[in-house]
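Chains, contacts and geometry: an overview
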Number of protein chains: 2
Amino acid sequence: MLNGRTPSVKDVAASAGVSLGTVSNVMNRPEVVSARTRERVERAMTELGFVRNESARQLRAGTSRTLAYVMLDGTNPFFHDVAQGIELAAEDADLSLFICNSNSRASREEVHLDRLLQQRVQGILITPVDPAAPHLDELSRRGVPLVVVDRVRGVDNCCSVAVDDVLGGRIAVEHLAEQGHERVAFIGGPDSLGQVGERLQGAREIWSSLGRSPDDLIYLPTDAMTVADGRSAGERLAGLPARRRPTAAFCANDLLALGLLQQSIGAGLRVPDDLAIVGFDDIEFAAAAAVPLTSVRQPRQELGRAAAQLVLDEATNPDHKHSQLQFTPELVARASTVSRTRTV
Amino acid sequence: MLNGRTPSVKDVAASAGVSLGTVSNVMNRPEVVSARTRERVERAMTELGFVRNESARQLRAGTSRTLAYVMLDGTNPFFHDVAQGIELAAEDADLSLFICNSNSRASREEVHLDRLLQQRVQGILITPVDPAAPHLDELSRRGVPLVVVDRVRGVDNCCSVAVDDVLGGRIAVEHLAEQGHERVAFIGGPDSLGQVGERLQGAREIWSSLGRSPDDLIYLPTDAMTVADGRSAGERLAGLPARRRPTAAFCANDLLALGLLQQSIGAGLRVPDDLAIVGFDDIEFAAAAAVPLTSVRQPRQELGRAAAQLVLDEATNPDHKHSQLQFTPELVARASTVSRTRTV
DNA sequence: GTCGGACTTTGAAATGTTTCAGAGAACGTG
DNA sequence: CACGTTCTCTGAAACATTTCAAAGTCCGAC
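Residues numbered from 1 in each chain as written. Chains lettered and ligands numbered in written order. Predicted model: local features only at pLDDT ≥ 70, side-chain atom pairs only at ≥ 80, totals over all residues. Heavy atoms only, no water.

For chain A, an unreviewed UniProt entry supplies the name LacI family transcriptional regulator and the organism Paractinoplanes atraurantiacus.

Residue and element names in this part refer to chain A. Viewed as axis vectors pointing N to C, helix α2 (residues 20-28) and helix α3 (residues 35-48) meet at an angle of 90°, and their least axial separation amounts to 10 Å. Comparing the axis directions of α2 and α3 gives the class roughly perpendicular. Contact residues: Val23, Val26 and Met27 in α2; Arg38, Val41, Glu42 and Met45 in α3. (Axes fitted to C-alpha atoms, helices over the stretch in contact; angles between N-to-C directions. Helix = DSSP H or I, 4+ residues; strand = E, 2+ residues; numbered from the N terminus. Parallel < 35°, antiparallel > 145°, perpendicular 65-115°, else oblique. Contact = heavy atoms within 4.5 Å.)

Attention now goes to the interface of chain A and chain B. Opposite the 49 residues of chain A that make contact, chain B presents 49 residues. Across the interface of chain A and chain B, roughly 4400 Å² is buried in total on both sides, 49% from carbon and sulfur atoms. Where chain A touches chain B, the interface holds six salt bridges. Linking Arg108 of chain B and Glu87 of chain A is a salt bridge whose minimum nitrogen-to-oxygen distance equals 3.2 Å. In this structure, the connection of chain A to chain B is made through 22 residue pairs in polar contact (both at pLDDT 80 or more). Where the side of chain A that touches chain B is concerned, the elements lending two or more residues are α4 (54-61), α5 (77-92), β2 (96-101), α6 (106-119), α10 (227-239), α11 (254-266) and α12 (284-287) of chain A. With six residues, the single largest contributor to the side of chain A that touches chain B is α6 of chain A. Along the lines of polarity and charge, the residues of the side of chain A that touches chain B split into 21 nonpolar, 16 polar and twelve charged. (Buried area = accessible area lost by both parts, 1.4 Å probe. Salt bridge = Lys/Arg side-chain N within 4 Å of Asp/Glu carboxyl O. Polar contact = N/O pair within 3.5 Å; in protein donor to acceptor, adjacent residues only side chain to side chain. Nonpolar A, V, L, I, M, F, W, Y, C, P; charged D, E, K, R; others polar.)

All right, on to the side chain of Gln298 of chain A then. All names here are of chain A. One can find Gln298 in the loop between β10 (294-297) and α13 (300-316). Residue Gln298 is classed as buried on the basis of its relative accessible area, which comes to 1%. Excluding residues within four positions of it along the chain, Gln298 makes contact with Phe78, Asp150, Val163, Arg199, Phe280, Asp281 and Leu303. (Buried < 20%, exposed > 50% of the residue type's maximum accessible area, 1.4 Å probe, protein only.)

Quick look at the UniProt feature "domain: HTH lacI-type" (unreviewed entry) in chain A now. According to UniProt, the feature "domain: HTH lacI-type" (unreviewed entry) maps to residues 7-61 of chain A in the numbering used here. Across residues 7-61 of chain A, the secondary structure splits into 71% helix and 0% strand, with the terminal C-alpha atoms separated by 20 Å. (UniProt positions renumbered as here; feature names shortened; annotations may be inferred.)

All names here are of chain B. Running from N to C, helix α8 (residues 165-178) and helix α9 (residues 194-209) point in directions that differ by 45°, and their axes come no closer than 7 Å. When the interaxial angle is binned, α8 and α9 end up oblique. α8 and α9 meet at a crossing whose hand is right-handed. Of α9, the residues touching α8 (which contributes Asp165, Val166, Gly169, Arg170, Val173 and Glu174) are Gln195, Glu198, Arg199, Gln201, Gly202, Ala203, Glu205, Ile206 and Trp207. Broken down by class, the residue content of the contact of α8 with α9 amounts to five nonpolar, four polar and six charged. (Left-handed = near helix turned anticlockwise from the far one by under 90°.)

What follows deals with the sheet that holds strand β12 (residues 330-332) of chain A. Strands belonging to one sheet form pairs held by backbone hydrogen bonds; the direction of such a pair is parallel or antiparallel. All names here are of chain A. Spatially, six strands are ordered β7-β6-β8-β9-β10-β12 in an open sheet, and the strand pairing comes out mixed. If you trace the sheet from one side to the other, it starts and ends with β7 (217-221) and β12, each paired once. Shown here is a sheet whose adjacent strand axes are inclined to one another by a mean of 20°, direction ignored. Relative to β12, β10 runs antiparallel, the two sharing three bridges. Note that in β12 the partner of Ser295 across the bridge is Val332. (Pairing = 2+ DSSP bridges.)

So, on to the protein's contact with DNA strand C. Around DNA strand C sit 26 residues, and of these Ser19, Thr22 and Thr37 of chain A together with Val9 and Arg60 of chain B come closest. Per the 4 Å cut-off to the protein, sugar and phosphate atoms form 67% of the nearby atoms of DNA strand C. Note that a phosphate oxygen of DNA strand C is positioned 2.7 Å from one of the side-chain N or O atoms of Thr22 of chain A. One of the backbone N or O atoms of Ser34 of chain A is found 3.2 Å from a phosphate oxygen in DNA strand C. Listed by contribution, the elements that provide at least two residues to the surface near DNA strand C are α2 and α4 of chain A together with α2 (20-28) and α4 (54-61) of chain B. Considering only residue class, the surface near DNA strand C consists of ten nonpolar, eleven polar and five charged. (Near = heavy atom within 4 Å.)

Summed over the entire model, instances satisfying the criterion amount to ten aromatic pairs over all chains. Ring plane angle 75° and centroid distance 5.4 Å describe the contact between Phe186 of chain A and Phe250 of chain A, whose orientation is recorded as edge-to-face. One end of the pair, Phe186 of chain A, is in strand β6 (residues 184-188); the other, Phe250 of chain A, is in strand β8 (residues 248-251), and 64 residues separate them in sequence. Overall, the relative accessible area of 0% leaves Phe250 of chain A in the buried class. Taken together, a centroid distance of 5.7 Å and an interplanar angle of 55° make the contact between Phe186 of chain B and Tyr219 of chain B tilted. Placement of the pair is Phe186 of chain B in strand β6 (residues 184-188) and Tyr219 of chain B in strand β7 (residues 217-221), with a sequence separation of 33 residues. Look at Phe186 of chain B and you get buried, because its relative accessible area is 1%. Judged by relative accessible area, Tyr219 of chain B falls into the partly exposed class, the value being 22%. Ring pairs connect the aromatic residues Phe186, Tyr219, Phe250 and Phe280 of chain A, which therefore count as one cluster. Taking the ring centre of Phe280 of chain A as reference, the NZ or CZ of Arg199 of chain A above it sits at 3.6 Å. (Phe/Tyr/Trp six-rings, centres within 6.5 Å; stacked < 30°, edge-to-face > 60°. Lys NZ or Arg CZ within 6 Å of the ring centre and 35° of its normal.)

Attention now moves to the pattern of salt bridges. Taken as a whole and judged by the stated rule, the model has 32 salt bridges over all chains. Arg270 of chain A serves as the salt-bridge partner of Asp274 of chain A, at 3.1 Å between the closest nitrogen and oxygen. With relative accessibility at 29%, the residue Asp274 of chain A sits in the partly exposed group. Taking the shortest distance from any N to any O, the salt bridge between Asp137 of chain B and Arg153 of chain B comes out at 3.1 Å. Here Asp137 of chain B, found in helix α7 (residues 134-142), pairs with Arg153 of chain B, found in the loop between β4 (146-149) and β5 (159-163); they are 16 residues apart in sequence, far enough to count as distant. With relative accessibility at 26%, the residue Asp137 of chain B sits in the partly exposed group. Several salt bridges share partner residues, and in doing so they unite Glu87 and Glu91 of chain A together with Arg108 of chain B into one network.

Next up on the list: unusual backbone geometry. In this model, Gly189 of chain A is joined to Pro190 of chain A through a cis peptide bond whose omega is -5°. Position of Pro190 of chain A among the secondary structure elements: in the loop between β6 and α9 (194-209). If you check the backbone angles, Asp281 of chain B has positive phi at about 115° while not being a glycine. Along the polypeptide, Asp281 of chain B turns up in strand β9 (residues 276-281).

Turning our attention to the domain arrangement of chain A. Parsing chain A into structural domains produces domain 1 (9-52), domain 2 (66-163 + 300-328) and domain 3 (165-298). On a C-alpha basis, the centres of domain 1 of chain A and domain 3 of chain A stand 63 Å from each other. (Domains from an automatic or database assignment.)

Before going further, it helps to spend a moment on α3 of chain A. The α-helix advances 3.6 residues per turn, and as a result positions three or four apart in sequence lie on the same side. Residues and elements named next belong to chain A. Between its first and last C-alpha, α3 extends 20 Å over 14 residues, near the 20 Å set by a 1.5 Å rise per residue. Residues Thr37, Val41, Ala44 and Met45 constitute the buried set of α3. Considered in projection along α3, the buried side chains sweep an arc of 100° and stay on one side of the axis. In this structure, α3 carries Arg36, Thr46 and Glu47 as exposed residues pointing more than 90 degrees from its buried face. Taken together, the buried residues of α3 touch α1 (9-16) and α2. Positive backbone phi, at 70°, marks Gly49, one or two positions downstream of α3. (Expected span 1.5 Å × (residues − 1). Arc of directions from axis to C-beta.)

Right, here's the structure in full:
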């Protein structure tokens, strides 16, 4: 009857001696079918090794069972933690999660979005290359539930989930000031990145509100936020005349901080005595560094989980209101700023 | 005409004044339709904002346009690099890649596989929790193209891609011996993991072939292969009586090595002078460590790329033969074993 | 007995594509 | 002007599900 073909509902129905509709009922509302037939159908299903064809289901039912996350940079563990949070929420809602990676390339991002549209996914979470990109508006216009993660869009035409970056900058620099540092570097870039700008802004705010001179908060811009950029920032730092050289650095993410840490130790500096370092994100590897890294923690999994919940609300709740969630970052002090502490 | 509905081929056809079939032809074999109509149809498509419904396409065409990778442990960057390699190959073949994460839980793995089956993905790549699990046989029996990545299955009923772990163990320990170490620790576990066993075996082989006593190669088993396990191994190492204490450690992966490095430096040891450390995998963070880590490099992206090619071959080539690809690992010497070297 | 209701099951329609045999049109050739 | 070719286009069938109105069955109450 079925020669090699993978068995369909029809085959199951035939084998169990019932109609198509009944088999479908067994799968979708088992309570309406009598125990006797249900059993018979279930036996037939396992005997034939039946596996529901999700394409057909989706085509007819009109609703897909997957969410998607387009992450920005696969080499930064931060985004994997966010993805993990999304996955947990998706699992709770019994959905699959499609993870894509734009690798910071707008063109790649567009290709992914296009495919996801074709797939008719139930909702899209994204950390966009450029939050202002028109193809994101396009999505909203089409009515695809959309949540921007770890970024914010100018307008409130979609949900977003992020952390208060200004506050993050404040607490990082406040911590350094408390440790007695009088000259601090801010390392990060490009400053076209909203977050970099905001973290720097927070740093400057608290710095001046502590009565320090703006000249003592030195901005060392970087091209990107990788470990390599951190290393080269370290070299630039070392090249500064001793009088102007900061005794502490606040890096806009942990990758930079890790690079700076490596470069500094390699150059024979003691951390934190010669140079204190604060990172941002608090990825796993921050705590695992040779000198455990002080970092501004983002609730990474929570970010993802909350974003998933928003996208689900938009997908299922007819009177959904867009909202911009903002989490509060938190300083985790470790040995890279606090001498003789062994917090891990 | 279409009230709120997303437009279908039928709508495009109506709007362009052609038949369904012609619209389909424009999408799938543009060469058979005249330039004039093609243009007209294309205009209609953009005007209506038509997006092909992939479910319907797949249902009718019988073939899906996605591959899937079920990764073992999302917290280990190694697997993300593998995934990246797969993604590149998928991109070349114009396929989407579905990334799942079993988090080392067999139950989670099964859920994912089940969904992928329902999705009728074109092929599955997997780093399984247990390469001998019966649900993997199940897949082969169903005829789903399957490739096991970074593991090998006992029998040759499916393709696999891995690295020569015995050789990896040999070159790591050979390197340490060359550096003059007389007592070496092997850190890793559980040894039920095939790879751990093989790396240990390689270590032992070369050690004895160099005429050293088996007593001087100390096996420190761990519960898992995380940074935390590396730290606790470091504590156990420190607890050994000075006479028996190794001067070098070979860790079965980089996470362990990073943990060991952190613990050692925190305890005031100098690396490599007091303790030399070799890792395995050569993840990005190995090179980024405060003391850059010597590691046995696996060609991570290549692994993924090769696996993807195998799965595609199985999916498309009717006389596909299963093969077990084995890559050759390579030692990357850095400062954690070689004093006053600044290789990064 | 018959009726009404509760509980099951059925069969056909619908979903949005692709495919393919064949219908039409256009045109040069004999 | 009939014919064969070549180039385009069409229309219906097929894919595997879900849904839902309607048909059946059973059972206790009157």
